[in-house]
Amino acid sequence: MPDESITNETLNSNGAPEEAAQEETFAALLEKSGNPAMRLGPGQKVRTKVIGITGDAVYVDLGGKSDGVIDLAEFKDEQGIPRVNEGDEVEAYFLSVQDGIRHLTILKNGYSSQKLNAVKDAFESGLAVNGEVKAEVKGGFEVSIGGVRCFCPLSQIDLRGKQEGAAYLKQTFPFKVIEYKNDGRNIVVSRRALLEQQREEQRAALRATLSVGAEVKGRVRSLQKFGAFVDLGGIDGLIPMSELSWAKVDKPGDVVSVGQEVTAKIIGLDWDTHRVSLSLKALQPDPWSMAAAKYTEGSRINGTIVRLAPFGAFVSVETGIDGLIHISNLGAGRRINHPKEVVEVGQQVEAYVLAVDPQNRKLSLSMQPKREPKKIELPAVGDRFNGIVEKVMPFGIFVKNGNGLSGLIPNSEMGTARGADHNAMFPAGSEMQAIVLEVDQEKGKVLLSRKGIIDKAEQDELKQYKESLKEEEKSSNSLSTLGELLKAKMEEKKITFK
């Protein structure tokens, strides 16, 4: 080690030689001075050759009969292996003369010039060098590159800033030297710069291979409220919440975890924004594709109440399929104001299928089995329809008969004057007769005519009247014939008696 006077006079506060120290070969110095026994100034930088290695000392040629000594430890790497051979040229700094022996050092700023030169070369060439993250310091991390202490800012340790410091400590990564100042006293490195470069190269390769509909493998990088990000190797893909599963998902962590490897399907690509949309459920069978066959009308199912709404309760019958029990089908005939009066979330229930609509992903359920509607026999066209007024509408009057069948009498078939007040003339509950005009067997609808019943009554009266006239005429004709017969008889007797 140099003595204190040498350090104070010739080295700066960081232990580095003054910048004014000349870099000349020893042969050049001899040539200038013409004296082989010239005195070297403390901190003087020279280039010399290794002439021997003995024990812990490395001997270098200082010209003439004078040799210099450098501690062998200065040439050892981090594994303790000396990296010097006889005949190597080295740069060294003169320290002092002790007991007639000239001592030199290859250390500068506490590092060997070889190590510093390696870092400097990496900076100038832009090549990556491996460094070990030694400690977390204020504003970043201390990184050792070949034993040279460097600084990596927080923003440069990863693509998306710092994680927990423990994630990097004692880890070795490739770094890029982005600053080399003050003769190696300020060295700044970046891991992010290399990661970004690598990512751009990977993105370029992915552009040629990725397409909508393709299946890709990746590792879940992070979980957000809106979905999960997957590292595809150069670009992130997003699996939205709605694409994580056919089932309803409350949070991404219920389906995937950070670090998990997944296979997903590409459902969207936007290279301008580097956005890739992925789907896990696209690679799973759609449960609704078999719903119509599995949940037939009237069948009984078991499920769990998963959500309550003012209009009903949602029941999970299998992963990806929820059915709705409408509030009107919860009360077993009694009126309820909210489903919570009957059921609660998490409750196991037995229900019956009322209807299934796979296209619109709807399953209608009931707590009671579906009642078969009472079959009503429809009348034939021309039959008389006797019933009571059910309701009066602007377009006509609905009449219901004793079997519960309703029929419509359009205003045009009422037989009333135009603009007549049907509400006043035929209040609900009034008896009414009509004639069946049309019957829709499929829909169970009947079209009626009150005017027809009036016309029929008039026709019946006319028919009866005509028949009565015929009877009278027949009777009259009968009497006339009898009188003529009697007269003829009388005439015969008169002739006889004569």
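Scroll up to find the structure this text is about.
Described in the following lines is the structure provided in the data block. All of these numbers come straight from a predicted model, not from anything done at the bench.

1. Topic: helix α4 (residues 192–207)
Every α-helix winds through 3.6 residues per turn, so residues three or four apart in the chain are directed the same way.
Then, number 1: A rise of 1.5 Å per residue sets the reference length of α4, with its 16 residues, at 22 Å; its end C-alpha atoms lie 22 Å apart and thus fit the reference within 8%.
Then, number 2: When α4 is considered as a whole, its buried residues turn out to be L194, L195, R199, R203 and L206.

2. Remarks on unusual backbone geometry
Then, number 1: One non-glycine residue with positive phi stands out, namely K170, at about 65 degrees.
Then, number 2: By secondary structure assignment, the location of K170 is in the loop between β11 (148–153) and β12 (172–181).
Then, number 3: Since its relative accessible area comes to 58%, K170 is described here as exposed.
Then, number 4: Non-glycine residue R361 carries a positive phi angle of around 55 degrees.

3. Comments concerning the environment of E179
Then, number 1: Here E179 shows up in strand β12.
Then, number 2: Among residues more than four places away in sequence, those in contact with E179 are F123, N186, I187 and V188.

4. Thoughts on the pattern of salt bridges
Then, number 1: The full count for this structure, using the stated rule, is 15 salt bridges.
Then, number 2: Residue E91 is joined to K45 by a salt bridge in which the shortest nitrogen-to-oxygen separation is 3.5 Å. Here E91 is found in strand β5 (residues 89–98), whereas its partner K45 is found in strand β2 (residues 45–54), with 46 residues between them in sequence. This pair shows no difference in class: E91 is buried, exactly as K45 is.

5. Topic: the sheet that holds strand β25 (residues 396–401)
Then, number 1: Strand order in this closed barrel of five strands is β24-β25-β26-β28-β27, and the pairing throughout is mixed. Between one strand and the next, the sheet's axes are offset by a mean angle of 50 degrees, whatever the strand orientation.
Then, number 2: Alignment of β25 against strand β26 (residues 406–410), held across five bridges, turns out to be antiparallel. Paired with I397 across the strands is I409, a residue of β26.

Conventions adopted
- Residues numbered from 1 in each chain as written.
- Predicted model: local features only at pLDDT ≥ 70, side-chain atom pairs only at ≥ 80, totals over all residues.
- Heavy atoms only, no water.
- Helix = DSSP H or I, 4+ residues; strand = E, 2+ residues; numbered from the N terminus.
- Expected span 1.5 Å × (residues − 1).
- Buried < 20%, exposed > 50% of the residue type's maximum accessible area, 1.4 Å probe, protein only.
- Contact = heavy atoms within 4.5 Å.
- Salt bridge = Lys/Arg side-chain N within 4 Å of Asp/Glu carboxyl O.
- Pairing = 2+ DSSP bridges.
- Axes fitted to C-alpha atoms, helices over the stretch in contact; angles between N-to-C directions.

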